Amino acid sequence: MTSESIAHPLHRPAVGAATARAANARAVVWMVVYLLFILAPLFALLGGAHPPARSFWTEFSIALGYAGLAMMGLQFGLTARFRYITEPWGEDVIYHFHRRLSLIAVGLVVAHPIILFLERPELVALLNSFQAPWRARFAALSTYSLIALVVMGLWRTKLRLSYESWHLTHIVLAVVAVTAGILHMVGWSFYFEDPWKRGLWVGLTIFWIALLGYVRIAKPLFILRKPYRVSEVRKERGNTWTLVMRPDGHAGFTFRPGQFGWLTVYGSPFKITAHPFSFSSSAAATDGRVEMSIRELGDFTNDIRKVPVGRRVYIDGPYGAFTTGNPADMHVLVAGGVGITPMMSMIRTLADECDKRPVILLYGSKTWESITFREELEALKARLDLTVIHVLENPPDGWTGERGFITAAVMQRHLPPSYADHEYFICGPDVMMDAIEGALEKLGVPISKYHSERYSFV
Ligand SMILES: Cc1cc2nc3c(=O)[nH]c(=O)nc-3n(C[C@H](O)[C@H](O)[C@H](O)COP(=O)(O)OP(=O)(O)OC[C@H]3O[C@@H](n4cnc5c(N)ncnc54)[C@H](O)[C@@H]3O)c2cc1C
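Residues numbered from 1 in each chain as written. Predicted model: local features only at pLDDT ≥ 70, side-chain atom pairs only at ≥ 80, totals over all residues. Heavy atoms only, no water.

Draft legend 1. Layout of the overall build of the protein. In terms of helices and strands, the protein carries 13 helices and 12 strands. Once the C-alpha set of the protein is aligned to its principal axes, its extents read approximately 80 × 50 × 45 Å. Classification of the 458 residues of the protein by burial places 49% in the buried group. Partitioning the intrachain contacts of the protein with sequence separation of at least 6 by distance along the chain shows that 75% fall at a separation of at least 24. Summed over its atoms, the accessible surface of the protein is roughly 21,800 Å², and 65% of this surface lies on carbon and sulfur atoms. For the protein, the separation between the mean place of its 45 positive charges and that of its 38 negative charges on side chains is 6 Å. (Helix = DSSP H or I, 4+ residues; strand = E, 2+ residues; numbered from the N terminus. Buried < 20%, exposed > 50% of the residue type's maximum accessible area, 1.4 Å probe, protein only. Contact = heavy atoms within 4.5 Å. Areas by Shrake-Rupley, 256 points an atom, 1.4 Å probe, with all protein chains shown as cover. Lys, Arg positive; Asp, Glu negative; His and termini not counted. Charge placed at Lys NZ, Arg CZ, Asp CG, Glu CD.)

As structure tokens, this is what we get:
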């Protein structure tokens, strides 16, 4: 960091090695807390009074059922967007974790009846929900809901489900699955002779319900009290529109360049689905103003151009760990298409902070005409040490610059060779991100030196 950048009044303290170590420590603590939440209720069942022993496989299958249910309940916490918890990893990693853990939890829950049926074939009769007792009906309802959750999650696009209908169904099925699972467990009450064991599971259930209440009631109420007003809808190149939003009756929030927020334009924050967008404006703005630059890609984004100036909107944020601040000799920003938006925030912020370190932007676009922020990037070169390398998929006649896609060869042509010393930021289509991550690995850049933001959580 240069002395000029420290002296500048807008400069925020950089995230140093000590902060990174603190984030790692926090990540480990949350992992331990997570495991504790899953395993403690299970081990608690081993203490106190015991009902008559049953076969190993029966007990084993029941342990799997308990663990699966505890994992399912805790999923409400993983998707609750607790900033303090998600910060060490970033939201996309948390959602990835959520998907993987769901598969494990569903596997455990489904294994529970399968093992029981193999061990005690007479129990297969319980599958007849017309004659089975309620506790078995709840088990069936829970298991079928979980299977439906997985099928819809894995094959949403193939099933041609819109994101909004999938999201609503996902939440309803998850609540039904966990509630029916709890009712099934309480119905058998095999392990609940001791009041403290009952208390533990009742406490856990209240905790899960509280998580849901926080996400769907407390948090929307908080966001409702902090609305924003659209002050401008600006057309950009490349079918993209920038929404300029100002806090309405409050000071707004501060964010770090590269972070994103969840936007609700139509309806209130109680609406099930909000849309995530990176902030494209400078994080150094002092009036609370935020901008999001949105490409027309689907039903919600196609209508952004029609948002009237003065409309009240809601932003839940900031979120994300994709942000500058680590020690580095230079920033290398690799953007594909609309992946330019977080980079734009970084570049604008570095310019406002008079940061003197070099910034190289490798920017992939389809055509010369569709390059979002093309003119502003040129202008920003006067304010910071910025080099922009455009890589065009369909270049115009006479184009002498890079063509095709951003590859390891393109990077080697434009980056100074001490590759592992730079800090890399990558955002764009999944296929581009995979290619760039592979290219960085080839160039010997350690994983700790690059940051990726994927625009697909599901
Ligand atoms: C962290 C993050 C930052 C993003 N930043 C930007 C940005 O700065 N500019 C920009 O143009 N786009 C950005 N996106 C992508 C943007 O959120 C989607 O393009 C948009 O939500 C699509 O909505 P739609 O209804 O128009 O399209 P649809 O056709 O309904 O959806 C297209 C795809 O977008 C995803 N998607 C749709 N709705 C949501 C939602 N509510 N939550 C999560 N994913 C959804 C789904 O994978 C869906 O298949 C970002 C995405 C993420 C995850």
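Draft legend 2. Representation of the sheet that holds strand β12 (residues 450-454) in the model. The 6 strands are arranged β10-β9-β8-β7-β11-β12 in an open sheet whose pairing can be described as parallel. Only two strands of the sheet have a single partner each, and these edge strands are β10 (402-403) and β12. Both strand β9 (residues 386-392) and β10 contribute to a ladder of 2 bridges, which runs parallel. Following the sheet pairing, Leu392 is matched in β10 by Arg403. (Pairing = 2+ DSSP bridges.)

Draft legend 3. A look at the confidence of the model for the protein. Per-residue pLDDT for the protein averages 88, and the proportion of residues at 70 or more is 93%. A low-confidence stretch, residues 1-16 (pLDDT under 50), is modelled with 28 contacts involving residues beyond four sequence positions or located in other chains. (pLDDT = per-residue confidence, 0-100.)

Draft legend 4. Up close: the site of the ligand. The full set close to the ligand counts 23 residues, and Ala274, Pro276, Arg295, Asp299 and Thr301 are the nearest of them. Here Arg156 contributes a side-chain N or O atom positioned 3.1 Å from an oxygen atom of the ligand. In this structure, an oxygen atom belonging to the ligand sits 2.7 Å away from a main-chain N or O atom of Pro276. Within the complex, 88% of the 880 Å² of free accessible area of the ligand lies under protein. Contributions of two or more residues to the shell around the ligand are made by β3 (260-264), β4 (275-278), β5 (290-295) and α9 (299-302). With 4 residues, the single largest contributor to the shell around the ligand is β4. The two domains that each donate at least three residues to the shell around the ligand are domain 2 (225-319) and domain 3 (331-454). (Near = heavy atom within 4 Å. Polar contact = N/O pair within 3.5 Å; in protein donor to acceptor, adjacent residues only side chain to side chain. Domains from an automatic or database assignment.)

Draft legend 5. Representation of unusual backbone geometry in the model. Cis geometry is found at the peptide bond from Gly317 to Pro318, where omega equals 0°. Following the sequence through the fold, Pro318 ends up in strand β6 (residues 312-319). With phi around 50°, Asn239 is a residue other than glycine that occupies positive phi space. Turning to its location among the elements, Asn239 is positioned in the loop between β1 (228-236) and β2 (240-247). Positive phi, close to 70°, is recorded for Phe373, a residue that is not glycine. In this structure, Phe373 sits in the loop between β8 (359-365) and α11 (374-380). Judged by relative accessible area, which is 3%, Phe373 ranks as buried.

Draft legend 6. Quick peek at the packing of aromatic side chains. Across all of its chains, the model carries 18 aromatic pairs by this definition. Summarising the aromatic geometry, the rings of Tyr34 and Phe97 are spaced 6.0 Å apart at their centres and angled 55° between planes, so their arrangement reads as tilted. Taken together, the residues span a long stretch of sequence, with Tyr34 in helix α2 (residues 17-44) and Phe97 in helix α5 (residues 91-119) at a distance of 63 residues. Judged by centre distance (5.0 Å) and plane angle (20°), the ring pair of Phe37 and Phe207 falls under stacked. Placement of Phe37 in helix α2 and of Phe207 in helix α8 (residues 195-224) is noted, with a sequence separation of 170 residues between them. Judged by relative accessible area, Phe37 falls into the partly exposed class, the value being 30%. Taken together through their ring pairs, the aromatic side chains of Tyr228, Phe253, Phe255 and Phe279 make up a single cluster. The lysine or arginine in question, Arg137, covers the ring of Trp134, its NZ or CZ lying 4.5 Å from the ring centre. Just above the ring of Phe373 sits the side chain of Arg348; from NZ or CZ to the centre is 5.2 Å. (Phe/Tyr/Trp six-rings, centres within 6.5 Å; stacked < 30°, edge-to-face > 60°. Lys NZ or Arg CZ within 6 Å of the ring centre and 35° of its normal.)

Draft legend 7. Representation of a nonpolar patch on the surface. On the surface, Leu103, Val124, Leu127, Tyr144, Ile147, Val151, Leu154, Trp155 and Leu159 cluster together into a nonpolar patch covering about 790 Å² of accessible area. Among the elements that make up the nonpolar patch, the one with the highest residue count is helix α6 (residues 134-154) (4 residues). Note on placement: Leu127 falls in the loop between α5 and α6. (Patch = residues over 30% accessible without salt bridge, like charges linked within 9 Å, V, L, I, M, F, W, Y side chains within 5 Å. Salt bridge = Lys/Arg side-chain N within 4 Å of Asp/Glu carboxyl O.)

Draft legend 8. Representation of the sheet that holds β3. Taken in spatial order, the 6 strands of this open sheet run β4-β3-β6-β1-β2-β5, and their pairing is antiparallel. This sheet does not close on itself; its edge strands, each paired only once, are β4 and β5. Sheet twist, expressed as the average angle between the axes of neighbouring strands with direction ignored, equals 40°. In this structure, β3 lies alongside β4, joined through 4 bridges in antiparallel fashion. Its bridge partner lying in β4, Gly261 is registered against Phe277. (Axes fitted to C-alpha atoms, helices over the stretch in contact; angles between N-to-C directions.)

Draft legend 9. Main features of the pattern of salt bridges. Scanning the model with the defined rule gives 26 salt bridges in all. Where Arg357 meets Asp355, a salt bridge forms, and the shortest distance between an N and an O atom there is 2.8 Å. Classification of Arg357 as buried rests on a relative accessible area of 17%. The shortest N-O distance in the salt bridge between Lys449 and Glu423 comes to 3.7 Å.

Draft legend 10. Structural context of the nonpolar core. Formed by 37 residues in total, the largest nonpolar core has its most connected members in Tyr66, Met71, Met72, Leu146, Trp201 and Trp208. Elements represented by at least two residues in this core include exactly α2, α3 (56-78), α5, α6, α7 (163-188) and α8. With 11 residues, the top contributor of residues to this core is α3. Counting residues in hydrophobic clusters, the runner-up holds 24 residues, among them Leu333, Leu361, Phe373 and Leu384. (Core = buried A, V, L, I, M, F, W, Y, C linked by side-chain atoms within 4.5 Å.)

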